[in-house]
Each structure stands twice: as structure tokens, then as C-alpha cells.
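Architecture at a glance
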Amino acid sequence: MSADWGGGRSPPIYDVYGVGNALVDMEYRVDDAFLARHGVAKGHMTLVEEAFLHRLQADLSERPHERMSGGSAANTVMAIQGFGGSALYSCKVASDEVGRHFLDDLADAGVATNANAGNSDGLTGRCIVLVTDDAERSMNTFLGVSRSLGTAEIDEAALADAGALYIEGYLSAQPLGLRAAVRTRELADGLAVPAAVSLSDPSMVRFFRDELERLLGDGVHWLFCNEEEALTWARTDRLDLAITELKDIGRACFITLGSRGSISVANGSRRELEGFKVQAKDTTGAGDIYAGACLHGLRIGMAEPQAARFGNYAAAALVRQYGARLRTTADYRQLLQGFKR
């Protein structure tokens, strides 16, 4: 295990403690005309209200779709669990059928959750994912009760027994979620639990920058983002300048470049790791499994560039199928076994 994991403390109960939204993804294949008809921003995540969600669902009612538990950080901790680690996910769902489906999915995979995760009235969050023929995914997210995720959902004892903390930047868009995320990161700092944060989406950087800065505090151990998020953060069109800024935030930074691979920046060294060439069907969840693979690689002793290469390998495997996660735990284990160091 990496010396960074758990700040050098005794072996943790949970390799990763995750905090984020709890969503059930409903994924449909559409064309660009459908996106234009509904004013959907292609390739981005948009927070939507219940009325818009119902309008989309009405127009999609005759189309086949797949349902899978999602949420960015949830996908990441599922990957860590699948690769052979252990994880707990702090989240909030309603006591409805969709919420039970979400919690059952995590439990079946071996991921623990906070004891009060499913006690709320209302509607569980869900995301309508629209996938076009070019494999771009456009996400329309209704947070439901996840909007009220707060400090009550944080298990401080479990965090104290974790090797690392992972927080999705999407929480910057909701006041209670931001407060919970900041509090959890502060607790982790005090416990010497290293923290990882993802910027999550260009829209988060563009519209919630001040909130993301609060979440990041004085910096985190690992920072995850994609190229567009990096450039948006630095307000530049030059990736080298963006990396200079990001290095002030993360002790190690991982920047995904789509099919071109990713960049690892750590210990004064920058390495660009080439992507694996595949025919992409759906890019939903590629950044999430990339983060999970990187963190698992670091946990088992890979150096940052090798962990980034494993992230590339995992993301390439995921985009060959539809959906934000691999189908079974065995699929994650086989992926790890197939990766050549």
C-alpha cells in the first residue's frame, strides 16, 4: 500500500470514503435534433427541475433505455470496490423504489453506506443521460432529495477509518452539499486522511468557481479534471498554463484528454500517457472509472504515471459499452488482471 494512503496510519477499514450525489441513471440513445428540440447542452451536465425531467421522460417514453445506479463519486467508489478495494459512500436517497434500487446496487457490490442514507421522504435523484451517435453524453440531472445531502449524512467514525477521501465537485452546486463536502474535507485534514477532489464538469467550474475554491481549501492531495475543466479553471486556451495553476491546488493532478489519454503531474514531473484506441459507444462515466482506477493503482503502490495509464485503460474499456459502470464485479477484476504494468 502507498505510504500516502491514510497518512501513514494503520491499515484502514475503508480504502476510500466517498461523498457525492446519489442518482439513478436512465440512458437513452437520441440524435442531435432531439437535443436541439429540448434545448439540451450537448456533452455537459445540466441541473434540471422536476417539470423539465417529466417533459423529457414524456418524449422518451416509447424509446428503450437502460437503468443503472449512478452519480459521479458513486461510480468511482464502485470501481475501487470492484478492483478489490473497500469503500463507503455517504449519500442521500428517498425511501422510494428508485432509492432502494440505488442502495441495493451498492450493497450487492460490497460498498457500505451511511446508516441514514435512505430515510427521507420525496424523490430519489435521477439523471436522464442522452447519448448521441458520436458517443457524446448529455446529462440532465434532477437531484431530488440528494439536494439536501448535508452534514447529517457524514459518518465521522468511518472517515477516521478510511485511507483516502474522494469528493465530487458536483456538490459545489448545492449549498447543503457544499457545506457537507467542506466539513468532510476539513475533518479529513485533521485526521491526516488524504483527500481527492474532482472538478466534475466544465459547468461547475464556470458557474460555481467560488464554491469549488471553498471545497478545495488550501489544496488537496489528488485533483482530477478533464482538459476542458482545466482550461476553464485557468481561463486560458493553453494547457501548459492551466497545469501551472492546477499544481498549486493538487499535490498530484490527473488531467484526462479524451481518446488522447491523460496527463499525470506529480513530484515535479509531467507525463502524458497515451490513450488506448477503441471504438467508443458511450463516454458516460469515463472520468469516474478513470479516477477509481488511478486511486486504486496508487493504493496498491503504482507511481502516478502508471496509475494514470491504468486509468486510461479502464476508461477505454468502459466506453466500449453503454452505461457508466462495468456490469459486474468480475468485470472490474478481469480489467485489472488484463492491465500490464
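Relevant structure appears above.
This write-up is about the structure you can find in this document. Given the structure is predicted, the values throughout are model-derived calculations rather than measurements. (Residues numbered from 1 in each chain as written. Predicted model: local features only at pLDDT ≥ 70, side-chain atom pairs only at ≥ 80, totals over all residues. Heavy atoms only, no water.)

Attention shifts here to unusual backbone geometry. The phi angle at Ala135 is positive, at roughly 75 degrees, despite the residue not being glycine. Checked against the element boundaries, Ala135 lands in the loop between strand 7 (124-131) and strand 8 (137-144). Phi is positive for Ala192, which is not a glycine, with a value near 60 degrees. In this fold, Ala192 is placed in the loop between helix 6 (175-191) and strand 10 (195-198). (Helix = DSSP H or I, 4+ residues; strand = E, 2+ residues; numbered from the N terminus.)

Attention now goes to the packing of aromatic side chains. Under the defined criterion, the tally for this structure stands at eight aromatic pairs. Relative to Phe224, the ring of Tyr166 has its centre 6.3 Å away and its plane inclined at 65 degrees; by these criteria the two rings are edge-to-face. Of the two residues, Tyr166 sits in strand 9 (residues 162-168) while Phe224 sits in strand 11 (residues 220-226), which places them 58 residues apart along the sequence. Accessibility expressed as a relative area gives 1% for Tyr166, which makes it buried. (Phe/Tyr/Trp six-rings, centres within 6.5 Å; stacked < 30°, edge-to-face > 60°. Buried < 20%, exposed > 50% of the residue type's maximum accessible area, 1.4 Å probe, protein only.)

Take the pattern of salt bridges next. Taken as a whole and judged by the stated rule, the model has 13 salt bridges. Note that Arg299 and Asp15 form a salt bridge whose closest N and O atoms lie 3.5 Å from each other. Within this pair, whereas Arg299 is found in helix 11 (residues 286-299), its partner Asp15 is found in strand 1 (residues 14-19), the two being separated by 284 residues in sequence. Residue Arg299 shares its accessibility class with Asp15, and that shared class is buried. We note a salt bridge from Lys42 to Asp134, for which the minimum N-O separation is 2.7 Å. Of this pair, Lys42 sits in the loop between helix 1 (32-38) and strand 3 (45-47) while Asp134 sits in the loop between strand 7 and strand 8, and the two are 92 residues apart along the sequence. (Salt bridge = Lys/Arg side-chain N within 4 Å of Asp/Glu carboxyl O.)

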